[in-house]
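# Secondary and tertiary structure notes
These are the residues of each chain, in order.
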Amino acid sequence: MVEPGVRGRPPSGHIRKEPSTVAGQAAADRPVVVRKPGNAGGAKGTGHPGLAVGQPARGGEEATAKPRPKPFAISKQVVWEAYRRVKANQGAAGVDGQSLQAFEQDLRNNLYKLWNRMSSGSYFPPPVRAVEIPKKAGGGVRVLGVPTVADRIAQTVAAMYLEPKVEPLFHEDSYGYRPGRSAKQALERCRERCWQSDWVIDLDIKSFFDEIPHSLIMRAVHKHTQLKWVLLYIERWLQAPLQREDGTLVARACGTPQGSAISPLLANLFMHYAFDSWMVRQFPAIRFERYCDDVVVHCRSREQAEYVREAIGRRLKECQLELHPDKTRIVYCKDGRRRGSHEHTRFEFLGYEFRVRRVKSREGRYFDGFNPAISPAQAKRLRREMRLWRLCRWTTKTLRQLAGWVNPKVQGWVNYYGHIYRSALLPLLRNLNEHLARWARRKYKRLSNSRDRAYRLLRRVHRQEPTLFAHWRLGLRP
């Protein structure tokens, strides 16, 4: 029914239908979309978002066409979860200088832009910022690759799609960068097997992250996913150049940047085929622990260790990698019951040094066992870091404020380096009391000339709040 005064037009929200005939039945059932008079295609043609065919009309008319789907189906929820993971890990800015806080200032648009480009296939990763850090042993530097915040999110998205497909296939003795596994588990398993086997091969792969061949990585990825966008972007990430501090770009024909979000997964996938599955086929009775590229292999005899080391070297050459000739060593697990002699009787693994140590049994007896504890190199690094805090200069702070800043760091050291043979860590932590005494002597003039008075102050605070500092909770009283 048409309202008076409106001739030939239905009321707003209603749809006009043609006369019911057989020939016009199909047209009668379709909604009529009204174009704007005098500008049927809009100011910029038929594709401009005006009232044109294929777009919703005013008054509630239904659309006659759906938006064109993206070439790649990537969930927005996965992009959001990837952002949350990147935020939890924090990290430095990339080549664009954009920090995570700056990225979050326009978070909604930045995430949408990233999703839109990844879904359409038009995302090209920017160069990776090269950061040089000294190696643990003090010889040379290690180059880390720092992607931009958006690129880290994009890599995490791809990893979240790829990881569920490859994670169930990984070897049970692979511990690096895997959910539900940790370095402490690798250390515990290594310690148990050192008690059972007399010989160890301490493997060191030369420039692992810099020399991984791209062709073999892509071959492994192709085997486990058919998602074209995952293959496309992983190849682009592998080929993304490094940008040094002076702005020069370094092209990469091999390797994956150590520090990017996708590199640990790709490294694990590569080592699964290059080492883990090969060991299972060739030496099923020989056990090992692998944390990414750090590998320890356990053998029954020296002859077996030498044979296995040569076989592993040949295998890695087939995979275009190489064992470090100086750092790869055969170690004898010498202790109270294994009293033979060998050139090497200690080795380092994941920041711990394995060697003969005096230990106490459950029955209270002391004996010499082959056990791990914090390595001298790591203890030296922690002492240097403690000195760089320069706590004695924080005279504007209170002891409670110092504790709030120091405790998370110290507790992290205790949780990891004190997990096994904690007594080796205690002398290092006891030195923290000396730094607190220096702080007290600088803050209070009456204590400036007396170290004993400074310690009496700390002891008085300890009696009142014995858990104020994390190392005090371990019995390291001032």
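In the block above lies the structure referred to throughout.
Here the structure is a predicted model, which is why all the values come from computation and not from measurement.

We now examine helix α4 (residues 107–120). Under the 1.5 Å per step criterion, the end-to-end length of α4 is 20 Å for 14 residues, consistent within 8% with the ideal 20 Å. Inspection of α4 places Leu-107, Asn-110, Leu-111, Leu-114, Trp-115, Met-118 and Ser-119 among the buried residues, and these make up the whole buried set. Summarising the axial view, the buried residues of α4 lie within an arc of 155 degrees, below the 170-degree limit, and thus occupy one face. Downstream of α4 by one or two residues, Gly-121 has phi in the positive range, about 85 degrees.

Moving on, we get to the pairing of strand β1 (residues 128–134). Two elements, β1 and strand β4 (residues 242–243), share two bridges in a ladder whose sense is parallel. Within the sheet, the bridge partner assigned to Val-128 lies in β4 and is Leu-242. Sheet analysis places β1 next to strand β2 (residues 141–146), joined by six bridges and oriented antiparallel. By the bridge assignment for β2, Pro-134 is matched with Val-141.

Turning next to the sheet that holds strand β11 (residues 366–374). Consider a sheet: its strands pair through backbone hydrogen bonds, and that pairing is either parallel or antiparallel. Read across the open sheet, the three strands follow the order β9-β10-β11; overall the sheet is antiparallel. In this open sheet, the two strands that pair with only one neighbour each are β9 (347–349) and β11. Neighbouring strand axes in the sheet, compared pairwise and without regard to direction, differ in orientation by 55 degrees on average. Summarising the sheet, strand β10 (residues 352–360) and β11 pair through nine bridges and their orientation is antiparallel. Each bridged residue has a counterpart across the sheet, and for Arg-358 the counterpart in β11 is Asp-368. Strand contacts of helix α12 (residues 376–389): β9, β10 and β11, with the helix running at about 55 degrees to β11, the strand carrying the most contacts.

Before going further, it helps to examine the sheet that holds strand β5 (residues 249–250). If you trace the four strands from one edge of the open sheet to the other, you get β2-β1-β4-β5, paired in mixed fashion. Here the strands that pair on one side only, and so sit at the sheet edges, are β2 and β5.

Once that is clear, we can look at the pattern of salt bridges. Per the stated rule, a full pass over the model turns up 23 salt bridges. Salt-bridge contacts for Glu-167 lead to Arg-178; the nearest nitrogen and oxygen are separated by 2.7 Å. Taken as a pair, Glu-167 in the loop between α5 (149–166) and α6 (183–196) and Arg-178 in the loop between α5 and α6 lie far apart in primary sequence, 11 residues in all. In this structure, Glu-167 and Arg-178 share a single accessibility class: buried.

With that settled, the discussion passes to the packing of helix α2 (residues 76–89) against α5. Running from amino to carboxyl end, α2 crosses α5 at an angle of 115 degrees, the nearest separation of the two axes being 8 Å. The handedness of the crossing between α2 and α5 comes out as right-handed. On the side of α2, the interface is formed by Val-78, Val-79, Glu-81, Ala-82, Tyr-83, Arg-85 and Val-86, while α5 contributes Arg-152, Ile-153, Thr-156, Val-157, Met-160 and Tyr-161.

Scoring rules and cut-offs
Residues numbered from 1 in each chain as written. Predicted model: local features only at pLDDT ≥ 70, side-chain atom pairs only at ≥ 80, totals over all residues. Heavy atoms only, no water. Helix = DSSP H or I, 4+ residues; strand = E, 2+ residues; numbered from the N terminus. Expected span 1.5 Å × (residues − 1). Buried < 20%, exposed > 50% of the residue type's maximum accessible area, 1.4 Å probe, protein only. Arc of directions from axis to C-beta. Pairing = 2+ DSSP bridges. Axes fitted to C-alpha atoms, helices over the stretch in contact; angles between N-to-C directions. Contact = heavy atoms within 4.5 Å. Salt bridge = Lys/Arg side-chain N within 4 Å of Asp/Glu carboxyl O. Left-handed = near helix turned anticlockwise from the far one by under 90°.

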